[in-house]
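Chain by chain, the residues:
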Amino acid sequence: MHELAVTQSLLDIVLKEAGKAGAIRVNTVTLVIGELSGLVDDSIQFYFDFMTKGTIAEGSKLHFKRVSARMKCRACGEEFITTPNEWICPKCGQWQAEVIAGKEFYVDSIEVDDADKST
Ligand SMILES: [Zn+2]
């Protein structure tokens, strides 16, 4: 159910930005989503389709840019790409890595039709 709240705030951002741009329709929303964010693309799209009904974002498509999880070892400073359950440094074997990328979730860009381009 995490995605429900996330999608609600996502839609708030999209509608606010689209309103600022004078948009009459939202076509595409590109999201950056980190591997460690725990968010599922399909669920977000599902809630988004549901919530956008009756808004200018109805029928718009979500695009997801996936960000790999990247860790930095606190012991030796090695940076490595990892999967969510592999937190061990490949260089020194220490279990002291911190996450430096992979928790992202934000709107990268929004593609809209504005009122001036109706032809
Ligand atoms: Zn290390």
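Residues numbered from 1 in each chain as written. Predicted model: local features only at pLDDT ≥ 70, side-chain atom pairs only at ≥ 80, totals over all residues. Heavy atoms only, no water.

- The chain appears in an unreviewed UniProt entry as Hydrogenase maturation factor HypA from Dehalogenimonas sp. 4OHTPN.
- In its Function (unreviewed entry) section, the UniProt record describing the chain reads: "Involved in the maturation of [NiFe] hydrogenases. Required for nickel insertion into the metal center of the hydrogenase." (UniProt positions renumbered as here; feature names shortened; annotations may be inferred.)

**Regarding the coordination of the zinc ion**
Moving on, step 1. Ligation of the zinc ion by protein atoms is provided by Cys73 (SG), Cys76 (SG), Cys89 (SG) and Cys92 (SG), these donors lying 2.3 Å from the ion.
Moving on, step 2. In this structure, the zinc ion is surrounded by 4 donor atoms whose angles at the metal cover 107 to 115°, and the resulting shape is tetrahedral.
Moving on, step 3. For the zinc ion, all donor residues lie on one chain, and their spacing in sequence is C-x2-C-x12-C-x2-C. Here the residue Cys73 occupies a position in strand E3 (residues 69-73), and Cys92 occupies one in the loop between strand E4 (79-82) and strand E5 (97-101), the gap between them amounting to 19 residues.
Moving on, step 4. When its relative accessible area of 2% is taken as the criterion, Cys73 is described as buried. (Donors = N, O, S within 2.8 Å, 3.2 Å for Na, K, Ca; no water. Tetrahedral: all angles 85-135°; square planar, octahedral: opposite > 155°, others 65-115°. Helix = DSSP H or I, 4+ residues; strand = E, 2+ residues; numbered from the N terminus. Buried < 20%, exposed > 50% of the residue type's maximum accessible area, 1.4 Å probe, protein only.)

**A closer look at the pairing of E4**
In the case of a regular strand, side chains alternate between the two sheet surfaces.
Moving on, step 1. Here E4 shows a clear split, with Phe80 and Thr82 buried on one side and none of Glu79 and Ile81 buried on the other.
Moving on, step 2. Both E3 and E4 contribute to a ladder of 4 bridges, which runs antiparallel. Bridge pairing in E4 places Lys72 opposite Glu79.
Moving on, step 3. The hairpin turn running from E3 into E4, its antiparallel successor, is 5 residues long, and Gly77 in that turn takes a positive phi close to 85°. (Pairing = 2+ DSSP bridges.)

**Notes on the packing of aromatic side chains**
Moving on, step 1. On inspection of all chains with the given rule, the structure shows 1 aromatic pair.
Moving on, step 2. Where Phe46 meets Tyr47, the ring centres are 5.6 Å apart and the plane angle is 70°; that geometry is what we call edge-to-face.
Moving on, step 3. Assessed through its relative accessible area of 58%, Phe46 is described here as exposed.
Moving on, step 4. What makes Tyr47 buried here is its relative accessible area of 15%. (Phe/Tyr/Trp six-rings, centres within 6.5 Å; stacked < 30°, edge-to-face > 60°.)

**Quick look at the UniProt feature "binding site: Zn(2+)" (unreviewed entry) in the chain**
Moving on, step 1. Summarizing the sequence annotation, UniProt attributes the feature "binding site: Zn(2+)" (unreviewed entry) to Cys73, Cys76, Cys89 and Cys92 in the numbering used throughout. Across 20 residues, the annotated set stays spatially compact, with a maximum C-alpha separation of 8.6 Å.
Moving on, step 2. Among the structural elements, Cys76 can be located in the loop between E3 and E4.
Moving on, step 3. We classify Cys76 as partly exposed; its relative accessible area is 35%.
Moving on, step 4. Apart from residues no more than four positions distant in its own chain, Cys76 is found in contact with Cys89, Lys91 and Cys92.
Moving on, step 5. Residues in contact with Cys92, not counting those within four places in the same chain, are Cys73, Ala75 and Cys76. (Contact = heavy atoms within 4.5 Å.)

**Section: the nonpolar core**
Moving on, step 1. Core analysis: the largest hydrophobic core is formed by 18 residues, its most contacted members being Leu10, Val26, Val29, Ile44 and Phe48.
Moving on, step 2. Listing elements by their share of this core, those giving two or more residues are helix H1 (2-20), strand E1 (23-34) and helix H2 (41-51).
Moving on, step 3. Once residues within four sequence positions are removed from consideration, Leu10 is found in contact with Val29, Leu31, Ile44, Phe48 and Val107.
Moving on, step 4. Residues Met71, Cys73, Cys89 and Ala97 belong to the second largest nonpolar core, which totals 5 residues. (Core = buried A, V, L, I, M, F, W, Y, C linked by side-chain atoms within 4.5 Å.)

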